[in-house]
Amino acid sequence: MPIVKQLTILLENNPGALSNVCSDLAGKDINILAMSVLDTIDSGLIRMVVDDHEHAVKKLADSGLNVIETEVLSLEMSHKPGTLAEITRQLSKAKINIEYAYVSVPPGEGTSIGIFWVSNLKKASEILEP
């Protein structure tokens, strides 16, 4: 299971803030692979996985943003009913807590990607290895 770096950014909750981040990354040919946005009254919490986290961190820092890097699991999953049930069952059985997760599911057949931050990253990676 690949353990990847997730970037977390706290942004002002106003029109254009997220667009600026996405444009800054696109301007450096950095692709966003997965993203989650959580809003609060005056700010937004952005979590994302990109294809070049080192350059992304530098670009975002150069733009005046604080970026937190966290290791998370990036799981390629079958796109069929029960896949998430099986993954969460295995983690539960191993007493590994899922702190948060976000999943991308394309329409149709194929695979999807799930990003999981868990209480024991190494153990989760080992038990979910195909």
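Up top is the structure these notes are about.
Calculation notes
- Residues numbered from 1 in each chain as written.
- Predicted model: local features only at pLDDT ≥ 70, side-chain atom pairs only at ≥ 80, totals over all residues.
- Heavy atoms only, no water.
- Helix = DSSP H or I, 4+ residues; strand = E, 2+ residues; numbered from the N terminus.
- Buried < 20%, exposed > 50% of the residue type's maximum accessible area, 1.4 Å probe, protein only.
- Contact = heavy atoms within 4.5 Å.
- Areas by Shrake-Rupley, 256 points an atom, 1.4 Å probe, with all protein chains shown as cover.
- Core = buried A, V, L, I, M, F, W, Y, C linked by side-chain atoms within 4.5 Å.
- Salt bridge = Lys/Arg side-chain N within 4 Å of Asp/Glu carboxyl O.
- Pairing = 2+ DSSP bridges.
- Axes fitted to C-alpha atoms, helices over the stretch in contact; angles between N-to-C directions.
- Polar contact = N/O pair within 3.5 Å; in protein donor to acceptor, adjacent residues only side chain to side chain.

> Explain the overall build of the chain residue by residue, including any values.
When you go through the chain residue by residue, the secondary structure sums to four helices and six strands. Helices (α) and strands (β) of the chain occur, in sequence order from the N terminus, as β-α-β-β-α-β-α-β-β-α. Scored against the burial criterion, the 130 residues of the chain give a buried share of 33%. Pairs at least 24 residues apart make up 68% of the contacts formed inside the chain by residues separated by at least 6 positions. Accessible area of the chain: about 7800 Å², with a carbon and sulfur share of 51%.

> Account for the nonpolar core, with residues named and values stated.
Ranked by internal contacts, the top residues of the largest apolar core, which has 14 residues, are Ile9, Val21, Leu25 and Met48. Of all elements in the fold, only β1 (3–12), α1 (17–27), β3 (43–50) and α2 (53–62) reach the threshold of two or more residues within this core. Once you skip the residues sitting within four places of it in the chain, Leu25 turns out to touch Ile30, Ile32, Met48, Val50, Ala56 and Leu60. In this structure, Leu91, Ala94, Leu121 and Ala124 belong to the second largest nonpolar core, which totals 12 residues.

> Could you give an account of the side chain of Thr8, with specific residues and numbers?
Locating Thr8 in the fold gives a position in strand β1. When neighbours within four sequence positions are excluded, Thr8 is seen to be in contact with Leu45, Ile46, Arg47, Asn66, Val67 and Ile68.

> Give me the lowdown on the pattern of salt bridges, citing residues and values where you can.
Within this structure, the stated rule accounts for three salt bridges. Residue Asp62 is joined to Lys58 by a salt bridge in which the shortest nitrogen-to-oxygen separation is 3.1 Å. Within this pair, Asp62 and its partner Lys58 are both found in helix α2, separated by four residues, close to a single helical turn. As a salt-bridge pair, Arg89 and Glu86 come within 2.7 Å of each other at their nearest N and O atoms. One end of the pair, Arg89, and the other, Glu86, are both in helix α3 (residues 83–93), three residues apart, so they sit about a helical turn from each other.

> Tell me about the sheet that holds β1, and please be specific about residues and values.
Strand order in this open sheet of six strands is β2-β3-β1-β4-β6-β5, and the pairing throughout is antiparallel. In the strand order of this sheet, the two ends are held by β2 (32–39) and β5 (98–104), each with one partner. Ignoring strand direction, the axes of neighbouring strands in this sheet form an average angle of 30°. Bridge count for β2 against β3 is seven bridges, and the pairing is antiparallel. When the sheet's bridge partners are listed, Val37 is paired in β3 with Ile46. Docked against the sheet, α1 engages β1, β2 and β3, running at close to 140° with respect to β1. Where α2 meets the sheet, it contacts β1, β3 and β4 (67–78), and its direction lies at approximately 15° from that of β1.

> Give me the lowdown on the environment of Tyr102, citing residues and values where you can.
The residue Tyr102 is located in strand β5 in this model. The spacing of Tyr102 and Val57 is 45 residues in sequence and 21 Å in space, taken between C-alpha atoms. Excluding residues within four positions of it along the chain, Tyr102 makes contact with Gln6, Ala34, Met35, Ser36, Arg47, Met48, Val49, Ile113, Gly114 and Ile115. Polar side-chain contacts of Tyr102 include one of 2.9 Å to the side chain of Gln6.

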